[in-house]
Amino acid sequence: MPVIHAIDSGGNTMKALYVEGCFFPFFPFTKDPKRHLSNIRNLPIRDDDLLLWGYPRTGCHWLWEMICMLSKGSVQYDANTKENYMLDFMTPEMLEAMPSPRTLNSHFYFHHLPAQTKEKKIKFVVLHRDPKDTVVSYYSFMKGFAELFDYNGTFSHFLELFLEGTLPYGSFIDFEQHIMQTLEDNPDIPVLHVFYEDLLKNCAEELLKVQRFLGYAADEKLCSGIAAACEFKKLKQVIVDRPDPLRGDHKEGFEGVCRKGVIGDWKNFFSKEEEAAFNEPTLVEKCL
């Protein structure tokens, strides 16, 4: 099995899979990773499917909840979790059982997504976030699992792996550049870019853009209602109360997939030297 243990300068290891030139989380690829990737590539896609695409910890759980509400025209929380609609972990049987409209999501590179996402030209919503806040959220997430990632380094050590791209799902900058190159090479793919920071500042306004992209008439009342229902603390509690297949792997005290939902928490983690490495030039400028 292609298991790797990336090692930071402090000697801490990060457990991941390395398959077809990419890094992946350890589950659920354990038995036959290559076959799993092949199965996903061949998953059937419906014409009315929507795909939320982004690097880990860019806010995909939050936006997924809101898109589900928009697609159903209702301020009601989905009974399922985002992971139930995550292509990365799906089998054909799981996907077929999901009712339409389906808000699918993935952290995969484009060539690992189902081929029919391109053939059927389904709509893509691409989520972006400041890399400094992304790495802080990713660090907290990784530290919250006892067995899956087996990482016990400091933030500075984790930052090394983030910059090297030796984490599950690889390099942030490579992923962002891959997204932009994929969309440039496939101009017929319908796409909407959404930024985490804009959602926090003007959620209802951003949801109106998503609503129009989905092909619906603007409904300001619905968008305002969804923004209120998915205010971070409310949604965090909803997600905590749902069944979570990974909860048994949480370390004691881990709050789950939703953490703070703020902009600028990176200032509590970065040294001045680490901040300078990101800002000259910024990774966002390189990516976008």
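Residues numbered from 1 in each chain as written. Predicted model: local features only at pLDDT ≥ 70, side-chain atom pairs only at ≥ 80, totals over all residues. Heavy atoms only, no water.

Q: What am I meant to see in the overall build of the protein chain here?
A: Counting secondary structure elements, the protein chain contains 13 helices and 7 strands. When the 288 residues of the protein chain are sorted by exposure, 55% land in the buried category. Contacts in the protein chain between residues at least 24 apart in sequence constitute 71% of all its contacts with a sequence separation of at least 6. Approximately 13000 Å² of the protein chain is accessible, and the part contributed by carbon and sulfur atoms is 51%. (Helix = DSSP H or I, 4+ residues; strand = E, 2+ residues; numbered from the N terminus. Buried < 20%, exposed > 50% of the residue type's maximum accessible area, 1.4 Å probe, protein only. Contact = heavy atoms within 4.5 Å. Areas by Shrake-Rupley, 256 points an atom, 1.4 Å probe, with all protein chains shown as cover.)

Q: In this structure, what is going on with the pairing of strand β5 (residues 103-106)? I would like to understand it.
A: On a regular strand, one side chain projects to one face of the sheet and the next to the other, so that they alternate. Neither face of β5 is open: one carries T103 and N105, the other L104 and S106, and all of them are buried. Examined bridge by bridge, strand β4 (residues 50-53) and β5 share 4 bridges and lie parallel to one another. Among the inter-strand pairings, W53 is bridged to a residue of β5, identified as S106. (Pairing = 2+ DSSP bridges.)

Q: Would you mind going over the nonpolar core with me for this structure?
A: Side chains that are nonpolar tend, in soluble globular proteins, to be buried together. Core analysis: the largest hydrophobic core is formed by 89 residues, its most contacted members being M14, L63, M66, Y138, F158 and F162. With 9 residues, helix α2 (residues 60-72) is the largest single contributor of residues to this core. For Y138, the residues in contact, after removing those within four places along its chain, are Y55, P56, R57, F158, F162, L167, P168 and Y169. (Core = buried A, V, L, I, M, F, W, Y, C linked by side-chain atoms within 4.5 Å.)

Q: Explain the pairing of strand β1 (residues 3-7) to me, please; I cannot follow it from the model alone.
A: Here β1 runs beside strand β2 (residues 13-19); their pairing, made up of 5 bridges, is antiparallel. Note that in β2 the partner of I4 across the bridge is A16.

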